[in-house]
Structures are given as structure tokens and as C-alpha cells.
Amino acid sequence: MGDDSDWMKLPVDQKCEHKVWKARLNGYEEALKLFQRIDDKSPEWAKYQGIIKKFVTDSNSVAQLKGLEAVLAYVENAHVASRMVGEVLSGVVCKVFNQPKARAKELASDICLMYIEIEKADIVQEELIKGLENKNPKVVVACVETIRRTLCEFGSKTVTLKPIVKVLPKLFESREKAVRDEAKLLAVEVYRWIRDSLRPSLQNINSVQLKELEEEWVKVPSSAPRQSRFLRSQQDLRAKFEEQQAVAGSDGDCEDVADSAPQVDPYELQDPVEILSKLPKDFYVKIEAKKWQERKEALEALAMLAKHPKLDNGDYGDVVRALKRVIGKDTNVILVSLAAKCLAGLAFGLRKNFGTYAGNVVPTILDKFKEKKPAVVQSLQEAIDAVFLTTTLQNLSEDMLAVMDNKNPSIKQQASLFLTRCIHLSTPSTLPKSLLKPLCAALLKQVNDPAPEVRDAAIKALGTAMKVAGEKAVNPFLADLDKLKVDKIKEIASNVELAGGKKGGGAEKGKPVPKAQPQSEAPAKPAGPPKNAPVYKDVGVAKKGKPGAEGGAGAKSKKPAETKEIVETELSVEVCDELAAAVLPAPCVEMLDSSNWKERLASMEEFYQVAEQMDISAMPCQALLRMLAKKPGWKETNFQVMQLKLQVVAVVAQRGRFSKTSASVVLDALVEKMGDVKCGGKAKDALTAIGEACSLSWIAEQVVSLAFAQKNPKNQAEALNWLANAMKEFGFTGINVKAFINHVKTALGASNPAIRAAAISLLGVMYLYMGASLRMFFEDEKAALLAQIDAEFEKMQGQTPPAPTRGSIKRTGGQEEGEEAKEEGGAGDIMDLLPRTDISDKITEDMVSKVGDKNWAIRKEGLNEVAAVLSEAKFIKPSVGNLPITLKGRLSDSNKILVQQTLSIMQQMATAMGPALKQHVKTLGIPVITVLGDIKNTVRAAAMATLNSWVEQTGMKEWLEGEELSEELKRENPFLRQEVLGWLAVHLPTMRSVPSDLMLCVPPLFGCLEDRNVDVRKRAQDVLPIFMMHLGFDKMNKATGKLKPASKDQVVAMLDKARDVMPAKSAGPAKAAPTKPVSSVHPAKALAALSKTQAPIEEYAVADPKKAKPGALPAKGKAAAGKKPLGKGKEEEDKSGPIFTMVPNGKDLRVKDEKNLKTLKWNFGSPRDEYVEQLKVQMAPCVAKWLQEELFHHDFQHHIKAINSMIECLEEEHEATVACLDLVLKWYTLRFFDTNTSVLMKALEYLKLLFLSLSKHNYHLSEQEANSFIPYLVLKVGESKDVVRKDVRAIMGMLCKVYPASRMFPFLMEGTKSKNSKQRAECLEELGCLIGFYGMSVCQPTAAKSLKEIAVHIGDRDTSVRNTALNTVVTVYNVCGEQVYKLIGHLSEKDMSMLEERIKRSAKTPASTAPTHKQGEEKALPTHPNASLQQKPSNRAQPPIKLSQIRLNALVQSQQAEPSHVCPVGEFYLDLDLLEQLESDQTSVVLPDLVKHKLEDLLDHVFIPEPKLRPVPTHFDELHAGPSSTINLVISQIDEVLRQESIAEVMVGHTDQFLIATSLQLRLAHSTHMADTRLPREDIFKLYSCAIGNMLTLFGVARLAREASMGVLKDLVQGLVTVLLDPRIEESQEGQQLIRSVNMLLRRLFEASDQTNILSALLVLLQDSLLSSADSPKFSELIMKCLWRMIKFLPETISSLTLDKILLDVHNFMKLFPKERLRQLKTDMPHRTLQTLLHTLCRLAGPTILDHLSLIENKSESELEAHLKRVVKSAKTDRETAHTVPKSKDAEVLEEIFKKISSKENSEEGVSKLWEFKQRHPEVDLASHLKKLPQTFQTFVEHSLNKLCTERGDKARTPYPTTGVGLDPTPGRDELRPSVYQERLKVLRQLHGLENNNKPQQREGEDERTGLLSKPPVAPSMDVLQSKMSQILHNRQSQDQRHPQSPARPADSGSTGNLADLMKRLQKIKGNQQ
């Protein structure tokens, strides 16, 4: 219970993460209650954002179930739920769908559906489809079931069907019946939505399954399916659905059509197939061959490829031309028919993409209709019909009209029939009068043709045209035709049935108008106050989705929504008095009408207090307000009493259930008091409170109406001022624009200037929301007034609407960052507030005919009429009849004045229509681009202005989709290309993402790069980096493959240059300009602004005010940057005071929030809106308000002002600056993404001063500050401008004073990976400076890794990068000398030669160390592996010692040096480098003969500090060849590395290399050296010992041991077993010790290496040895013994085995050696070994072992599966029996002994009993029992037994227990054997000339025990050491002889004393070990 009480006190979020499952369960239950209770915008949600996934993946099933319920509530209610959708769903799929509990699966499925409801359908679908690849069939079944459920409930509009249809065939192939059954149900559900469109995708499944599906499909109801569950944004559809469900028999036909599932084209469900590359290589040769059989072969090959239902887009021009040639010229009709089929296949497969070629092939096909063979005609008909589907009748009309006059009747007949089919597929809109007229004229000629078949075809075509276009359209052309033929035409028309059951043009024309009417007028309805209950009900229905105009954009309120509309009846005065008396004190009521103002004041104060404390449900709002009207009521003369009355109104409105009825009681009085000087403020506050209670849209209209009904001008002005402020606070949604505009017009006409000024200010606020379209309402005003309005609009230009802070929008309108769909929806709501007019009826046929008349004057008159219609309507609906087609024709008018007038009309149309203009982009917008190619400047300028006005409304996306833009760029018109490229250069950078069709513009862009016109080339080069920014370098580089070789080289060079200057992607919103109406420019000014179209690209960038800046605020309804203060004095007053404010612990809290994922981590490629918004919110409390506005202003000039202010206050406000330094640095990172150089230079100036100041005050950057700033500073290192790079370099230098250089290093290393060559070069140069200044200690993570990455750049394409890389490596050479070659790794010959040449030219002697006077700044850094690379510096007062300066006194100087020596010093450490240098000393000294002893163990280190290393030979070249002494030395050096755990990591990745080289040496020793009688055997055994000892050390490092691969282990084991079997080794005395060492190595190898790899290696070795006749039987026997040993330890290693791989090897073995062949062998051992292995695996893995046969291809051919099944069956019985076997007696005894040893009191007795037990039972393996105990206990037992063994004189027995711990020379282990220290003592005795003859008796015994096992690792190094120590004595004696008076004498004596001390310490250590 104590534990329970501990976790019971924890907060809920901590309980949910507790280790105890009960705590988590309790936490989930409390979280569930919390989630159901708190508001959806509560900050509490953020606490659970990071841990919500753990709810789903809880390991306890009971807790998990409750956690799932909590997650469901979280997803349903939390506004931040969508941020964790991916993590949560991956946990649901992996950890819940596999649960056996049905409830868990049901909840998991509900969570998936709820995520779809909150608009995350795409991610849910993606995760579920990923789950289909799970190996667990339960997961797959659950995923399929959930997908089916989502489709059933949400429908095909929400759920994307293509990926589902794609995976269906795979599901039908599953081995699991449950999966197949569920797939069948899913297929039926998909069929219910898309019907026969599903069939083509499932044609290849099993025929039986297909038949079953067909049977199920027949049962599917024929009625269209309807979605039953809706997204949050579809709540209006939900209301309709519920209404239809409730009202039976309602006329829902129209709704069914609207809401039914969309028809899915099977084509869209197919994946495109690329066939061009699959064409035969000789296709084009064969298709032109003389033999018709070869031509047929080519066509048949193409026909097979063209059968694919969907083809990938490509360049089919050559193929189409070849087919056209065959159809047009080939005389073989079979080939013509085949070519027509190919053409039809291409057209069907390419669809719209084939439209480019349609115009080329149609005339040829029409002409070929002269063929009379039915088969050919039919093929041609199919081909031309398929081609028509890819284009339009308008495009083909000229070709068809041309063949109508052909003399051949067959051609005329087929042309008319083709025209009939085309018209049949057309609609009235695609068959306009302009097209119908020439077609009917041509058909009328054929009606009188002598050939009857031609006449019939023409009549049929006319009849079809009459049906589609209507009799009214066709009858005028039939006036001259006789009645008989007219009747026939009408008869045919009556019999024609159009596709989809349409009734033709006449009946259909009026349909869309009434359907669109309610939608367009909906926003205007909420203007009046809703007075009935349905309104309240509507609000409740919309509580989870987007509301209507009243609810506020994006409202999602849960509980408060139902209180928004309170309906209350009007109460009588008597009832009000009773209700008020019941809640108010009697004295209060009595004194309300007192004549004494003080009593009234006291009464009102008490009234106010009671109202403030009153319960909401008990507050009678209407009654209280009526009490306030009691005499004197609102005529109160005392301002204090009046103020209290107004405050009471505000409190009642805020706290009570306030209705519009209650508001009506006080509105008159409040409006009257607005103009009062003393009470006006309180009156406005009361109105605001009422607005919050009753909606601003209602209260605002009431206030303005009442104000203008009065005559008091002050009240009118204040009412308008209040409304302007209220709009900012409440937002604009729901405002009745039209009503306000009327009142504003009245105010503008007032004589009082205050009213006019207030009206203009109100217009300014409305402009923020409505944009330039607002001005259209006031164009009739006087010029002076219009100028004032324009001036106000100009002030607001560029500002964004502030975020709503009041009303329902505040609670529900906050949109999640990144949810663009909701944002666009909100913007659309605001634009929809404008009342729009349907002008389709006003665009009459007469007007259209005028615009298309031959006479230019009549055309001009028609255009004037169109302009008049648009001007009158102001705002129009998108339905404009035939106007777009009519205006399109005028854009190509020969009269340029009319072209300009048309463009002006189109500008007017853009402003009038708004965002709905998108639907006319393809029809009317693209032709404007064509006008940009006009020769006249004025026309081009007008076209550009029109284009920009359209883009402002539609956004760029619509223009970039499809092939139209690329087709325009293909036109070889220099003017057009210039203008289009310039236009793209302006608009593309502002987009976040672009459609994939932009790639189609790349080929014409490449063509522009080689255009003859200079300006075109320049514009193309300017826009190239912008294209690359969106498409990427790789895609554009790949597109050059289709260019000619000469062109390709030039274009690729330009691409490389463009990559270096490629801008970062814009953080600005990628949406259409209507979402930012404030950026709109009045059309009258647009033409002038864009008239300079021939200016360079820079002018475009400056002229465009909408170009996004990272610092500018996005137009999402966020807080505005603030209005610029009007008065100068006010501005100065605002700027007084400090600019930074110190917030206590502010920085720490921000760091904590970032770690807890409460805020976004400052990490991005380009700053997105959410980062900018987050920074703004964080800076708000730390920065002065005026500075905040400047910092986040859209204009760069304000940024410069802000930086200047920060520079001025830098020193004065140093502490405050440091307090928010992280925010300041983040803001400056945003400036790094600005394109304005002035801002960038000013920012760098401030940063230089900042870091100078920080350095002066000894401030050090925190990790968070550095990580948020340095990566972005590194980006600017590659800036193209020298002046910027210079400043950045200066800042880099200053940074090292406030941030460790070693931590700067990784940032710069990351910068070298940039695509920008300048950045790479600068970063490399900075790295060189750091290394040169601070030494190799700065290289992180290791010097070797860093130098390898740097050396890669020596081979860079860019010259500057190569040179800088070389210079950096030379700097390293100057620091650490020749070691640089080891550090940089392998280089190509070319790169290495360049490096060597550069090093020679540098002519600088390499230093032995980095400059020591710099190291003080790095001394605080932790020790790291690179410390070993530093050479020995002297003390700080001396310069560094170079290698060339070492003389005979080096030893003396090193002993006198300061203790700041960087080399590690241990008790017995010897400096190998110093010894190596001393070897070069040529002084001859005669040494006395000394007794030689083996000194192999002297190198065993006993100290902990890191020793200095020789670098590891990276490629182990010296191990492959060379004399054995060299090999021994190399291996000894590697051994030194391996023995030190801290730096053994340098071998990671090289284990296989090392083992291969060592195995090679073993093979050489066995095959070559042992056979060579000239070589002494001692040297060979020394080589063996050295190699084996080294491998023992390597396999003691777990990570390195596991790296060894299977092949390497196989070779190694083979080599070691060969050594064991070598009789030459067995004969020698040393050979026995070598064999023991090999045995130890094999044991270590089996234990430490990867168990799967070693077991596989042994199986393959056994297989090879049995196959090979050369191997001796003993070899196979030893391999099998190894396998038996591995089998013995399988119970412990089974968990680490990859059973699939092992079973595959066993399968291969059994395939080579089936039972019959195994039985034929001389021994049955292989068969028994294999049987035992399989039996053990089955016993341990159980029946699941059968699931691990996945790697075996044909299991049916293998004996393995059947054998395993038999063994599994028997193993099950064995396991059951094994459970009943009791513990052995020995185990019980040992258990008792171990208990005694573990107790302090009986420890010695327990050890003694264990020793005695081992004496009595030597056969018992202690190791197996000890392995179950802790490592520390094992070590204690081992030491105790060894000590007891020594004490009792048991010298012949091996120390106990035999766990291998004491025998292994594991690197870094402190428990070294006494023999090691005795050997070292022997060396020391030899150095001092002492005798070593008296060998203790004990030594012999120990030598017998240890043998060679301790010697191999160090034997080769001892010879080196012995010679080096001789050199030391030699040097000392020579110094004594040459310098008898030298101060080295005391040092010598001290040295001798030191050696004596060493001997004493050695004895002490030896005693401790014993």
C-alpha cells in the first residue's frame, strides 16, 4: 500500500507513464474523465501530446483497453490530436490489431474513424495500408476490416480508392482464409461505390474467387450508396442527411444526385505503364522496311504494348508519325487496320496527353476512309473516335470542314458519321453557335448530295445537333431546307438518346441557376436575428464541424455551442419585478429610485456585487435589466451611478444566459450613452459584452441602425468607432456587408467631419478583410472623398487581419497550423459575404453576336455592353453563359484597341468574380498568356496586368496544372517567352509546393536557355534556380537526357551554376491571393504598375508587394503586425523605455517546453508559418510592443529600423538581451532567409557587435542557442556576395570565444555536405582554421572520421573546394605530421598525388602538437579519443617541442616538465614513441652481457588513463606481406588498441579485414613457413602466438566480436582446426602450448561471435569437408565436435539466433546430403549431429520453428519441413516429461553452498565447502552452475578458490572454477595474474644487473598451469621493448660519460630511485593479487 500511496499522489500525466500497470490504469481512467470534461482549446491537451502513443502500446492488456478509450476521447475532443496521428496509428496497427480482445479491436477501429472525422483520412489510410504488409494475419484482417468500415461510413469522396484497389489482388492471394474472406467483403464494398470500374483491376485474380465475387456483386443494391458519417467540415451535409432520415418521403432526388458517390473512371485506378523504352530497338527500321511482314512484326509489337489501359506520358511524336505514315501511305490494308488499332490503343491509354497529336492524325484518318473494306473502315472509326476523346470538337472542326467538300462519297459519309458521334458526346456549352454555324452549313450541302448514304449521314448529324443544342439553335440554319427533310431531321432528333439520360440543350439550360441560388445567397441570411428554436438546434448540429456564416470560421466548439442562441420571451413589468425581488436584497430595490444620489450609488454598488456573485442558472437577465430602467432609469444625472448601471449590464451579459430579447431592453440607452464623455467607455464595454453573448453580426446592425436613427452626431461617430474596434476583436464572419455599406455611405455624406472620419476608419478595417473589392461600392463618391478612402486603404495595405479575441470565433475559430483546407475555407467564407449577382441572363445572344461581329465598331459596342453589365453588377457569380468563349475570340482580334479593351474587361471580371474565377482559367486565362507575345508594348503590358489580376484571385496552382503553359512556352516568340519567364520568376518563389505538371515546362525552359534572343536567355537563366528550388536538381538534370549532346553540355553547366544560387523555398503561404485580400491592388493602378514588363527580373521582385518573407506574418487570421502610429509624438512616446524585458526563468522554461515537445524545435529547411508564429508568441512578453511590430512587419524597412534600435540598446540592456538571447538569435535566423541584402548586412552588423559584447562579458552560448543559430549561419557561409561572406567569417571567429570550437566543428562538417560549392569551400576553410588554431582536439566525433570526410572533397568537381580541402589536410599535416596519411584513409592515386604535391609545396615542417597556448580555451572539454593524437607539449612557458628538436637530453627535459603533460602516465607506462626516436641515436655504448629472459608480458597495461597510440593501419596492408618481425610489430600495435576499451572503437568496421589478414598469415605459416626448413621454428611459433593472442583480445571485445561475418568465421575456424591437426606442431614442445591457445581461442570465438554466423559457418564447413575428398576424417570430426559444443549452449543462445538463416543452411545441407547419402558415409556422426541440432532447436523454439522456413524457396522439395514436424511432435512430449524431473542432488548441494558464500558470516566456510566438494566430485561442471549467478559473485568465488588452492598447496590443479574468467587476457581487466608481474619484475632486475637464476618453485607450477595462454598477445612486443630498454640504459650511460657535471645526474639518481619505487609497488600489487 505504501507504493500505491506514492503513485496516487502523482499528476495524471505522470501516472500514465508510471512503471506500475495499476498506476497507468488509474491514470488512463482519470485522463478519460479529464478529456471528456475540458474545453477543446485547453492547454491541458498539450501535456498528453507526447505520451498519447503510449496509451495505445501499453503492455498490460487491461490498462491498454482503458488507454484506448482515453485515446478515443482525446482524438474526438483535442485540438492538437491531429499532430500525433501517424505515431498513434502505427501503435494501433502493430500493438492493438493483434490483440485477442474484440473490444480492443473495436476501440482501435473507432480511433481510426475518429481521425478520419477530424480531417486526417490520408494518413489513416496510409497507416492501414502499411498494416497490410504485417506478417501477423490478425493484423491484416483487422486492417482490411477497418478500411472496409471507413469506406462504408465515409464514402469514396473521403477515402481514396486507388490504393485500396491496388492492394486487393494481393489480398486475394493470401494463404490465410480469414484475409481472403475479408478481402472479398472489401471488394464488395468497393464495388458498391464504383460499380464496374472495379472489374478491370480484378481480372487477374483466381477464377473461382472472381466467380464468387460476381455472385456477390449481383446482390449489391442498385441504388447509389450514401455516406453515413461526415468529416468536421461536412456538417452541413450531415444536417441534410439527418433531415432526410427524419422526414420520410421527402423529395430527395436532387440531394441523391448531389450526395451520391462520384462516378469513378477505371482509368484513374490503373497505374501508368511506360512503353516507349519497351519498343523493339529496330522498331523504326522495321516499320519502314520494304517487306510487309517486317512492318507487321513492328506493328504487332506496338499493338501488344498499347493494350495497357493506362500509358505513362512521354514523347510519342515519332511513334504517332510512324503510324500516320502507315495509315496514309501503306497499300496493305491489313497493316492499315493494325496501325489504326495501335493508334486507338495509344489514344485510349494516354487520353488528354494524346491531344497534342490529335490534329496531326485526324486528317489522315479521314482521308483514308476512301477504303471500302468494312474491317479497315471499322478500325479507322475506332481510331478516330478514340482520338476525339483526347481533344475537343473545336480543335477538330477545321479538319472536318476541309474533308466535307471531298469528291469521294465514302469520305464525306464517314466524316458526317464521325461528326454525328462527336456531337452526340458534346454538350450545349461545347457546341456554341460560332461552331455550330459552319458545321451546319457544311452538312446542309451534303443533305442535297446525290449519294444517298452521304445524305443520310448528314441528316443524322443535323438531327443529333438539334437534340444537343436545341431546336432554337439549329432551326435558323434549316430555313432553306424543304419540309420533308426538316421533318426527317426532327424525327431523328426525337429518337436520339444522349449519354446519361440528358434532355438536350433547351431543357438543361436553366437548371444550374436555381440549384446555385441557395448556395450563393446563404451568407446573407444570418443578418436578421434568429428568433426560433431551429436556430438553436442548428448550432448544436454544427458543434463538430465548420459552422455557417454565424458560427464563425472553423468553429468547433463542443459544449459552449448550445448556449450561443438563447431564446427568451418578453416578460411583463410585474413578472420582472417579482424575479428581480427574488434575487436582489430589499434595501437595494427600494433605494434604486431614491432622490438622494448617494443612496442610489450605494444601491447600485450592492446591485453590482450581487450580479457579480450570482449563479448563472439563477440570474434573470431580462428582469435585472428592466430594474435598471426604474426611475430615474437611463435619465440618471449622476455619472457615478450611471457608470455602475452600465457595468451591471456588462456583467449580466457576460455571466448570465443572455438573449437578444434582454439586449433589446437596453440597446437604446446604451447607444444614447456612447457619445457621453464620462460614460461612453462603459457603454461601449457593455455593448461588447452583449456582442459576445448575442453575436456581433446582430448587435452591430442594431447599434448602427439605432445610432443613425438619432440626430446626435457624437453618438453616430462613436458607434462607427466602436464597430471598427469590435470587428478587429470579433472578426468579420457573419457581418452583413451590404447593410453596413449603406450606413457607411450615409455617414460619408454627413456634414459632421467626425462622422466622416469614423466612417473612413471603419472602411479601413473592413478593407483588411475584404480587400480592394470593397472600393467598388464607393466609386460613385466624390473625388475628394474617394481620395481619402484610398489614403486609408493605402495605410492598411500589407497588414493582415488580427486574430479574433472575442466571441465564438475566439473559442472555436482558432485554426490549427498547417491545416490549409480549413484556412482556405475561412477565407472563402469572407469572400462569400459579398452579395453576388447572376449575370448569365444579361449576357444575351444579341450581345454575344455583337462581340463576334465582322465590323470592329459593332464588336466594340458589344464589348462596351459587357463592361456595362459587369460595372452594374459589382460582384458576380461564376455563371456567365457564353461570355468566356466570346471574349477568348477577341483576345486574338486584329484590332489591338479591342484586344486591350477585352483585357480591361477581364480585369474587371476578375475583381467582380473573385476566387470562383478558377473555373475559367483554362478557357479564358491561358489565352491571355498568348497575348503576351504581341509585338506592341502596350498590349503586352495590359495582358500582364490582366494576368496578375487573375492570379491574385485564383492563385498559381490552376495555371501550372496541365500542359497549356508548357505549350505556350514552346512557341518561338521572344516577347512571349520573356514575359512568361519573368512572370514565373515573380510568382513561383512565393509557392510552397507546385503541381507535378510544372515538369512539363522544363524542356521548353531548356530551349529558352539556348534561344537566339539575349533577353529570353537571361530571363531563362534567372528563373532556372527557382524551377530547381521546386523540382530539385536531380529531376532537372535527368530531363537533359533528351537534349542533343552539344545542348546537353551547355544546359548541364547552367544547372550546376543554378544549383549554387538556388534560393530556399518560400515560407509564405502557397495559396491563392484571395486568402490575403489586403495585398490586393486596385485594378486602375495595376496596369500602370505592370507596364514596365521589359524590366529585368529584379524589378519584378521589387514591384511585387506579395513576395513572401519569412519574417512576415502569414495571412491566416493571425495577429496583425500592428498599425503604424499616425502621430509622430505618439510614436516617440511608444518607443520610450527598454526594448527587452527580463522574464524570470523565461529561457529555462522555453528550453523545457522544447524538450517536452510543447513547442516546435527550431529545425527547418526554410521557415514555415508555424515557426514564425511561435517565435512571435514567445517574443511578445520579452520585447517592447512597438519593437515586436517592427520585427514582424512585412516591410524590410521596418526590420532595419528594429535592428538599429537593438544596436543602440545593446550595451545598455545587455542582461535583458542575454535573457532572451535564444529568441533574438532565432529571429536573426529568419533574416538569413531574406533576399534583401540591406537587411542581411544590417543583421550581420548587429551579430558582430552582439558576439563581441558576449565575449567581453564571458558569456557562453547554451546548446539550445547554438543549435538554433549556428546551422543557419553556416548556410550563409556560401553566400554569393563577398561582403556577406566576409562578415559571416568574422562572426564564426567570434563564436569560438563564446562556444567551444570542438562543438562548432560538427556544424561546419555538416556544412561541407551542401550542394553549394561556395559553402563547401568556406566550411572546409573554417575547419582548417579551427584545426590550425586549436589542434586536433577539435575534431569531433573522432579525428579519423572527420579527416576521411574532409579528404573526400579533394576529388570535388569544384576547383575552390578541391584547393580548400587540400589546404585543410596540409594544416592537419602541420599539426600531427605523417599520421595524417593514416587518418585520411584510402584516396585515389590522383587525389593522393595532389595531396603529396601540396604538402611538399607547403614547405613547412610538421609540428608535433597543436599550439599549446590555445588549449586553455578547450581545457574544459571532456577527454575524447583524439587526445592520443596530440604530441607531447612542454609547459605553457615554452614553445612546443618538434620531433626534429629531440636530442639526447630529451629524457631529462621530460622528467623536469610540468605535470600538464598530456600523455597518460601509469605506474609502468613506457612511451613507445620516445623510445622509437631514441633508437635513431647513433651514440655507441658498450653494455655488459645480461642474462636474457622472455619479456613477453611486459606490455600488459595496468593503468586506467588512456595511452598514446599508433594509428591503426586502416587497410591492414602490412599484415598481408612482409617479414614476420614487421607483422608481429603491427599486430602488437593493434593489440594495444584492442586492450583499451575506451578507444577499441577505432577497430569498428575493420574486424573482417583484420581477421582475413590474420587468417591469411595462419595459412601462410601452415603451408609455407612450416615447410621452409631455413626458417627457425621459434619465429614461426612466435608468429602463431602473436596472431592467436591478438584474436583472443579481439574476441574479448563484444562489439568487435559480433562484427565478424559468416564467411570470415568459416575461413578462420578452418585455419584454426588445420593448426590443431598439423602433426608438425604436435611434435614440438611449444606446440602443445600453441594447441591449448588455439582451443582457448575457439572457445572464446564460439562464445563471443554472432551465434547465427558461427553456427552457419560450422554447418558450411561440415558440408564442405564431407564433400571434399582431400580433407581428413579428423577435420570433419573436429568440426562436428565444435557443432556439439554449440548445441550444448543453444538453450542460452537461442534468443539471439536467426532461425530462418540456420534452417536455410540445414536445408542446403540436407539437399546435398539426403538421408540415403548420409547413411552411405563411413560414420553416422554427421547424421546424428544434424538430428541433434534439429531436435534441440525444435525443443527450444517449439512449434513456432515451422514459421521460420521463409527463406526456403521450395519447401515441398525439402525433407526439412516434414522432419521438423515429427521432431516438434516428439519434443512436446519430452518437454512435458522434463517438467516432472526433480532437481539433481548435486544442484541442491551447490545451492546450499552458494547461499553460505553469499552471507558475510559463513562466506569462508562456504568457499571451503565448495573446494572440498570439487575435490570429491571433479566431474561436476561448476561453470554451468556459476553462469546462473551474477558476474560479481562469479569473480568472488573464482578469487576465493584460487587463493584457497594456493594456501592448501594444490599446485598441480587448475584454479577453480573453470569459468574462463581467469584464463582470458581480456583487455582492460584489472584482475591480472601474478605471473605477469613476476615477468615484469624479471625485466626490471635485468635492467639493474641483478641475477635471475634463482627461479622460485612456485613459478614452475604456475607456468605449467598458464602455459602459452598468457603469452601470445604480447610476445612480439617484448622483443621490441627489450631492445628499447637496452637503448635507454645505453643512452643514460653515454650521457654520464659525456656530461659528468650535467644536471642530469640528479635525474639519474632520481630515476634509479623511481625504479626502486616501481619494484616496491610491483611487490605490493603481487601481494594483493595473491
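Residues numbered from 1 in each chain as written. Predicted model: local features only at pLDDT ≥ 70, side-chain atom pairs only at ≥ 80, totals over all residues. Heavy atoms only, no water.

J.: Any chance you could explain the overall build of the protein chain here in plain terms?
T.: When you go through the protein chain residue by residue, the secondary structure sums to 101 helices and zero strands. The burial tally for the protein chain puts 51% of its 1970 residues in the buried class. Across the protein chain, contacts joining residues at least 24 apart in sequence account for 76% of those joining residues at least 6 apart. Of the roughly 91400 Å² of accessible surface on the protein chain, a fraction of 53% belongs to carbon and sulfur atoms. (Helix = DSSP H or I, 4+ residues; strand = E, 2+ residues; numbered from the N terminus. Buried < 20%, exposed > 50% of the residue type's maximum accessible area, 1.4 Å probe, protein only. Contact = heavy atoms within 4.5 Å. Areas by Shrake-Rupley, 256 points an atom, 1.4 Å probe, with all protein chains shown as cover.)

J.: Explain the nonpolar core here, please?
T.: In terms of nonpolar packing, the biggest core is built from 99 residues, with L1247, F1251 and M1336 touching the most fellow members. It is helix α68 (residues 1237–1256) that contributes the most residues to this core, ten residues altogether. L628, A653, A663 and A717 belong to the second largest nonpolar core, which has 95 residues in total. (Core = buried A, V, L, I, M, F, W, Y, C linked by side-chain atoms within 4.5 Å.)

J.: What's the story with the environment of R1728 in this structure? I'm lost.
T.: By the element assignment, R1728 lies in helix α92 (residues 1725–1741). A relative accessible area of 42% means that R1728 is categorised as partly exposed. Placed ten residues apart in sequence, R1728 and L1718 show a C-alpha to C-alpha distance of 9.8 Å.

J.: How should a nonpolar patch on the surface be read in this particular structure?
T.: A grouping of F348, L389 and L425 is seen on the molecular surface, where their side chains present a nonpolar patch of about 310 Å² in accessible area. With respect to the helices and strands, the residue L389 is situated in the loop between α22 (374–388) and α23 (393–403). (Patch = residues over 30% accessible without salt bridge, like charges linked within 9 Å, V, L, I, M, F, W, Y side chains within 5 Å. Salt bridge = Lys/Arg side-chain N within 4 Å of Asp/Glu carboxyl O.)

J.: How should I be thinking about unusual backbone geometry in this particular structure?
T.: Residues apart from glycine generally show negative phi values, whereas peptide bonds are mostly found in trans. Of note, the amide linkage connecting Q1340 to P1341 takes the cis form, showing an omega dihedral of 0 degrees. Unusually for a residue other than glycine, R195 sits at a positive phi of about 55 degrees. Assignment of secondary structure puts R195 in the loop between α12 (177–194) and α13 (207–219). On the accessibility criterion, R195 (23% relative accessible area) is partly exposed. Although it is not a glycine, S695 adopts a positive phi angle of roughly 85 degrees. Along the polypeptide, S695 turns up in the loop between α38 (680–694) and α39 (696–709). Accessibility expressed as a relative area gives 18% for S695, which makes it buried.

J.: How should the packing of α23 against helix α24 (residues 409–424) be read in this particular structure?
T.: When two helices pack together, their arrangement is captured by the angle between the axes and the distance separating the axes. Interhelical geometry of α23 versus α24 gives an angle of 160 degrees and a closest axis separation of 10 Å. Relative to α24, the element α23 is oriented roughly antiparallel. Helix-helix and strand crossings are classified by hand; for α23 and α24 the assignment is left-handed. Each of L393, L396, M400 and V403 in α23 lies in contact with α24, whose residues at this interface are I411, K412, A415, F418, L419, C422 and I423. Across the contact of α23 with α24, the residue classes break down as ten nonpolar, no polar and one charged. (Axes fitted to C-alpha atoms, helices over the stretch in contact; angles between N-to-C directions. Parallel < 35°, antiparallel > 145°, perpendicular 65-115°, else oblique. Left-handed = near helix turned anticlockwise from the far one by under 90°. Nonpolar A, V, L, I, M, F, W, Y, C, P; charged D, E, K, R; others polar.)

J.: I'm lost on the packing of aromatic side chains in this one. Help?
T.: How two aromatic rings sit relative to each other is given by the distance of their centres and the angle of their planes. Going through the model one piece at a time under the given rule, you end up with 24 aromatic pairs. With centroids separated by 4.7 Å and ring planes inclined at 10 degrees, the aromatic side chains of Y191 and W217 adopt a geometry described as stacked. Here Y191 is found in helix α12, whereas its partner W217 is found in helix α13, with 26 residues between them in sequence. For W217, a relative accessible area of 3% translates into the label buried. Linked through ring pairs, W1162, F1164, Y1171, F1233 and Y1272 together constitute an aromatic cluster. Stacked on the ring of F1033, the Lys or Arg R1059 has its end atom at 3.9 Å from the ring centre. (Phe/Tyr/Trp six-rings, centres within 6.5 Å; stacked < 30°, edge-to-face > 60°. Lys NZ or Arg CZ within 6 Å of the ring centre and 35° of its normal.)

J.: Looking at this model, I keep getting lost on the pattern of salt bridges. Mind explaining?
T.: Should their charged atoms come close, side chains of opposite charge can pair. Following the criterion strictly, the structure yields 71 salt bridges and no others. Among the ionic pairs, E297 bridges to K286, the shortest N-O distance being 2.8 Å. Here the residue E297 occupies a position in helix α18 (residues 292–306), and K286 occupies one in helix α17 (residues 283–286), the gap between them amounting to eleven residues. Ionic pairing is found between K488 and D456, a salt bridge with its closest N-O pair at 3.8 Å. One end of the pair, K488, is in helix α28 (residues 483–495); the other, D456, is in helix α26 (residues 452–469), and 32 residues separate them in sequence.

J.: Help me understand helix α63 (residues 1169–1179) in this model?
T.: Think of an α-helix as 3.6 residues a turn; residues three or four steps apart then line up on the same face. With ten of eleven residues buried, α63 lies mostly within the body of the structure. Turning to α63, its buried residues number three or more, namely D1169, E1170, Y1171, V1172, E1173, Q1174, L1175, K1176, Q1178 and M1179. Of the surrounding elements, those touching the buried residues of α63 are α62 (1146–1155), α64 (1185–1191) and α67 (1221–1231).

J.: Sorry, what's going on with the state of the cysteines here?
T.: Disulfide: a covalent bond formed between the sulfur atoms of two cysteine residues. Within the structure shown, the criterion is met by zero disulfides. Of the cysteine sulfurs around C1329, a residue in no disulfide, the closest is that of C1296, at 9.5 Å. (Disulfide = S-S within 2.5 Å.)

J.: Whenever I open this one, the environment of A31 confuses me. Can you help?
T.: Structurally, A31 can be placed in helix α3 (residues 21–37). Along the sequence, A31 and Y48 sit 17 residues apart, while their C-alpha atoms lie 9.2 Å from each other. Those residues in contact with A31 that sit more than four places away from it in its chain are V12, C16, Y48 and F55.

J.: Is there a simple way to think about the environment of C1008 in this case?
T.: Summarising the element assignment, C1008 is placed in helix α55 (residues 1002–1009). C1008 gets classed as buried once you look at its relative accessible area, which sits at 0%. In sequence terms C1008 and P974 are 34 residues apart; their C-alpha atoms lie 8.9 Å from each other.

J.: Whenever I open this one, the side chain of Q1319 confuses me. Can you help?
T.: With respect to the helices, strands and loops of the structure, Q1319 is situated in helix α72 (residues 1317–1334). Residue classification places Q1319 among the buried positions, given a relative accessible area of 5%. Here S1314 takes part through its side chain, which lies 3.2 Å from a polar atom of the side chain of Q1319. (Polar contact = N/O pair within 3.5 Å; in protein donor to acceptor, adjacent residues only side chain to side chain.)

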